[in-house]
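Read off the chains here:
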Amino acid sequence: MSDPVTEPEAPSTVATRPRTTSSGTGPVPAEPATTRRSRKARARQARVVVRKVGPWSVLKISFLFYLCVMAAIMGAFVILYAVLGAIGALDSLTRLIRDLFADQTFQIDGNWLFTRGLAIGLGMVVLWTLINVFVAFLYNLLSDIVGGVEITLSERR
């Protein structure tokens, strides 16, 4: 792995006044107004190259991310089901399907819908987590050939 390349900073002059801090422990450094303005405008930058991605960390983050996405989607479906039940749309849909298909035993069962939805959601969480881990392994292989992804980090002062 290569070390990050940092740009050298210009030395700054800091004058100290004989003033002490609120706790009285020592002198407080004071900067002239022109030095403070120039320091705020200047940002320290470092260029780093991401050569390897840890598959174990990708697995953990992906699993938790997709689990949260599944929980949000299931929560939205529960709210939608409750609203549709409250306005009578589920009963109207049940009557329509009974009339269309001449099946008087048809019933919309929320328990059946949500258990199947939960099972499908958990299956998708596992599937997409494994896909992300596979992509991390693939990235690690390709970064050996290409050299990784170069990122420039900057710090504002």
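Described in the following lines is the structure provided in the data block. Since the structure is predicted, the reported quantities are computational estimates derived from the model, not experimental observations. (Residues numbered from 1 in each chain as written. Predicted model: local features only at pLDDT ≥ 70, side-chain atom pairs only at ≥ 80, totals over all residues. Heavy atoms only, no water.)

Some words on the environment of tyrosine 139
Piece 1. Mapped onto the fold, tyrosine 139 is located in helix α4 (residues 110-146).
Piece 2. According to the relative accessible area criterion, tyrosine 139 is partly exposed, its value standing at 23%.
Piece 3. Sequence separation between tyrosine 139 and valine 53 is 86 residues, and the spatial gap between their C-alpha atoms is 7.5 Å.
Piece 4. With residues up to four places along the chain from it excluded, the contact list for tyrosine 139 reads Val50, Arg51, Val53, Gly148 and Val149.
Piece 5. For tyrosine 139, the side chain forms a polar contact with the main-chain nitrogen of valine 149, separated by 3.2 Å. (Helix = DSSP H or I, 4+ residues; strand = E, 2+ residues; numbered from the N terminus. Buried < 20%, exposed > 50% of the residue type's maximum accessible area, 1.4 Å probe, protein only. Contact = heavy atoms within 4.5 Å. Polar contact = N/O pair within 3.5 Å; in protein donor to acceptor, adjacent residues only side chain to side chain.)

Focus on the packing of aromatic side chains
One pair of aromatic rings is described through two measures. These are the centre distance and the angle between the planes.
Piece 1. If you walk through the whole model with that rule in mind, you get two aromatic pairs.
Piece 2. Ring plane angle 70° and centroid distance 5.2 Å describe the contact between phenylalanine 65 and tyrosine 66, whose orientation is recorded as edge-to-face.
Piece 3. Taking the relative accessible area as the measure of exposure, phenylalanine 65 reaches 49% and is therefore partly exposed.
Piece 4. A ring pair is formed by tyrosine 81 and phenylalanine 114, whose centres lie 5.4 Å apart and whose planes are at 85°; its orientation type is edge-to-face. Of the two residues, tyrosine 81 sits in helix α2 (residues 55-87) while phenylalanine 114 sits in helix α4, which places them 33 residues apart along the sequence. (Phe/Tyr/Trp six-rings, centres within 6.5 Å; stacked < 30°, edge-to-face > 60°.)

What to know about the side chain of serine 143
Piece 1. Inspection of the secondary structure puts serine 143 in helix α4.
Piece 2. A distance of 2.5 Å separates a polar atom in the side chain of serine 143 from the backbone oxygen of arginine 51.
Piece 3. Not counting the four nearest positions on each side in its chain, serine 143 is found in contact with Arg51 and Gly148.

Things to note about the packing of α2 against α4
Piece 1. Following both chains from N to C, one finds α2 and α4 inclined at 155°, their axes separated by 9 Å at the closest point. Taken together, the axes of α2 and α4 are roughly antiparallel relative to one another. As α2 runs across α4, the sense of the crossing is right-handed.
Piece 2. Among the residues forming the contact of α2 with α4, the class breakdown is 20 nonpolar, seven polar and no charged. (Axes fitted to C-alpha atoms, helices over the stretch in contact; angles between N-to-C directions. Parallel < 35°, antiparallel > 145°, perpendicular 65-115°, else oblique. Left-handed = near helix turned anticlockwise from the far one by under 90°. Nonpolar A, V, L, I, M, F, W, Y, C, P; charged D, E, K, R; others polar.)

Here's the deal with unusual backbone geometry
Piece 1. Unusually for a residue other than glycine, alanine 102 sits at a positive phi of about 55°.
Piece 2. Its place among the elements puts alanine 102 in the loop between α3 (89-101) and α4.
Piece 3. With a relative accessible area of 65%, alanine 102 lands in the exposed category.

Quick notes on a nonpolar patch on the surface
Piece 1. Judged by side-chain polarity, Ile120, Met124, Leu127, Trp128, Ile131, Phe134, Val135, Leu138, Leu141, Leu142, Ile145 and Val146 come together as a nonpolar surface patch covering roughly 1,200 Å² of accessible area.
Piece 2. Structurally, phenylalanine 134 is set in helix α4.
Piece 3. Residue class for phenylalanine 134 comes out exposed when judged on its relative accessible area of 54%. (Patch = residues over 30% accessible without salt bridge, like charges linked within 9 Å, V, L, I, M, F, W, Y side chains within 5 Å. Areas by Shrake-Rupley, 256 points an atom, 1.4 Å probe, with all protein chains shown as cover. Salt bridge = Lys/Arg side-chain N within 4 Å of Asp/Glu carboxyl O.)

As for the pattern of salt bridges
Piece 1. Inspection of the entire model under this criterion finds three salt bridges.
Piece 2. Between glutamate 155 and arginine 44 there is a salt bridge, and its shortest N-O distance comes to 2.5 Å. Of this pair, glutamate 155 sits in strand β5 (residues 149-156) while arginine 44 sits in strand β4 (residues 43-50), placing them 111 residues apart in sequence.
Piece 3. Take glutamate 155: its relative accessible area is 34%, and that puts it in the partly exposed class.
Piece 4. For glutamate 150, the salt bridge is made with arginine 47, and the minimal N-O distance between the two is 3.2 Å. With glutamate 150 in strand β5 and arginine 47 in strand β4, the pair connects residues that are 103 residues apart, well separated along the chain.
Piece 5. Taking the relative accessible area as the measure of exposure, arginine 47 reaches 46% and is therefore partly exposed.

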